[in-house]
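Here are the chains, one letter per residue:
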Amino acid sequence: MTKGLLAVIDMQHVFADPSSPWAAPRFSEAAAGVRRLLPAFGDRVAFTRFLAPAEPEGAWRAYYDAWPFALQPPDSRLWSLTDEFAPQARHVIDAPTFGKWTPELARLLGPDHRLILAGVSTDCCVLSTALAAADAGVEVLVAADACAGADDDSHTKALQIMDLYRPLIRVTGVAELLP
């Protein structure tokens, strides 16, 4: 068993569906990386879901003015984990924020202090989660080939930014994380 908790960030229909305005073009490649990681972590896996708030507040109002399609209830298929991952999601953490470093994720991590991140979007929710977890003193490993960004350039830039935070955040690959 690989040490740490694997957090699979937002592998949802809204990011998988090519017709979605939020589609991650390399979602399927990220999914392949996640599939390779899952067996190594057993039940030490948490899936997250980005959800729109019922009533956006503050700057989120302007955000949802720009993305009104996303103001859907939590049970909308848009927000569901993809059919491939939904049956495997024992722990699911919902948040109306980009960052998924929540008290619930911290509780699941426990005293281990090693968080492995995979999922989408590298340049948004993965980045936001990595920075917040690192600030909390957690060792963060980002599986670059199990992530996908809004586009290739944004994915690469986000990985470069996260790698600036060494040793708190380390960008790695799936093969390096497997026993």
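I will try to describe carefully the structure that is included in this document. Everything numeric in this text was worked out from a predicted model, so none of it was measured.

Conventions adopted
Residues numbered from 1 in each chain as written. Predicted model: local features only at pLDDT ≥ 70, side-chain atom pairs only at ≥ 80, totals over all residues. Heavy atoms only, no water. Helix = DSSP H or I, 4+ residues; strand = E, 2+ residues; numbered from the N terminus. Polar contact = N/O pair within 3.5 Å; in protein donor to acceptor, adjacent residues only side chain to side chain. Contact = heavy atoms within 4.5 Å. Core = buried A, V, L, I, M, F, W, Y, C linked by side-chain atoms within 4.5 Å. Buried < 20%, exposed > 50% of the residue type's maximum accessible area, 1.4 Å probe, protein only. Pairing = 2+ DSSP bridges. Right-handed = clockwise from strand over helix to strand, strands pointing away. Patch = residues over 30% accessible without salt bridge, like charges linked within 9 Å, V, L, I, M, F, W, Y side chains within 5 Å. Areas by Shrake-Rupley, 256 points an atom, 1.4 Å probe, with all protein chains shown as cover. Salt bridge = Lys/Arg side-chain N within 4 Å of Asp/Glu carboxyl O. Phe/Tyr/Trp six-rings, centres within 6.5 Å; stacked < 30°, edge-to-face > 60°.

## Let's talk about the side chain of Thr-48
Line of reasoning, step 1. Following the sequence through the fold, Thr-48 ends up in strand E2 (residues 45-50).
Line of reasoning, step 2. A polar contact of 2.8 Å, which involves the side chain of Thr-48, links it to the side chain of Asp-10.
Line of reasoning, step 3. Setting aside anything within four residues of it in sequence, one finds Thr-48 in contact with Val-8, Ile-9, Asp-10, Met-11, Gln-12, Leu-81, Ile-93 and Lys-100.

## Notes on the nonpolar core
Line of reasoning, step 1. Counting 36 residues, the largest nonpolar core has Leu-6, Met-11, Leu-37 and Trp-79 as the members making the most contacts within it.
Line of reasoning, step 2. Those elements that place two or more of their residues in this core are strand E1 (5-9), helix H1 (13-16), helix H2 (27-41), E2, strand E4 (114-120), strand E5 (139-148) and helix H7 (174-177).
Line of reasoning, step 3. Considering every element that reaches this core, the biggest residue donor is H2, with eight residues.
Line of reasoning, step 4. Discounting residues that sit within four places of it in the chain, Trp-79 has contacts with Gln-12, Val-14, Trp-22, Arg-49, Phe-50, Leu-51, Ala-52, Ala-70, Gln-72, Pro-73 and Pro-74.
Line of reasoning, step 5. Ranked by size, the runner-up nonpolar core spans 25 residues in total, among them Ile-9, Ile-93, Leu-115 and Cys-147.

## Some remarks on the pairing of strand E6 (residues 169-172)
Line of reasoning, step 1. Pairing analysis gives four bridges linking E5 to E6, with the strands arranged parallel. Bridge pairing in E6 places Ala-143 opposite Thr-172.
Line of reasoning, step 2. Note on the crossover from E5 through helix H6 (residues 152-163) to E6: the handedness is right-handed.

## Section: a nonpolar patch on the surface
Line of reasoning, step 1. Nonpolar side chains collect at one region of the surface, where Ile-161, Leu-164, Tyr-165 and Leu-168 lie side by side and expose about 400 Å² of accessible area between them.
Line of reasoning, step 2. Looking at where Leu-168 falls in the secondary structure, it is placed in the loop between H6 and E6.

## Digging into the packing of aromatic side chains
Line of reasoning, step 1. Within this structure, the stated rule accounts for 16 aromatic pairs.
Line of reasoning, step 2. Aromatic pair Phe-50 and Phe-98: ring centres 5.9 Å apart, planes at 20 degrees, arrangement stacked. Pair noted here: Phe-50 is in strand E2 and Phe-98 is in the loop between strand E3 (91-95) and helix H4 (103-109), with a separation of 48 residues, a long-range link.
Line of reasoning, step 3. Taking 5.6 Å as the distance between ring centres and 75 degrees as the angle between the ring planes, the aromatic pair formed by Tyr-63 and Phe-98 counts as edge-to-face. With a gap of 35 residues between them, Tyr-63 in helix H3 (residues 59-66) and Phe-98 in the loop between E3 and H4 connect regions that are remote in the sequence.
Line of reasoning, step 4. Look at Tyr-63 and you get partly exposed, because its relative accessible area is 23%.
Line of reasoning, step 5. Three or more aromatic residues link up through ring pairs in this structure, and these residues are Phe-15, Trp-22, Phe-50, Trp-60, Tyr-63, Tyr-64, Trp-67, Phe-69, Trp-79 and Phe-98.

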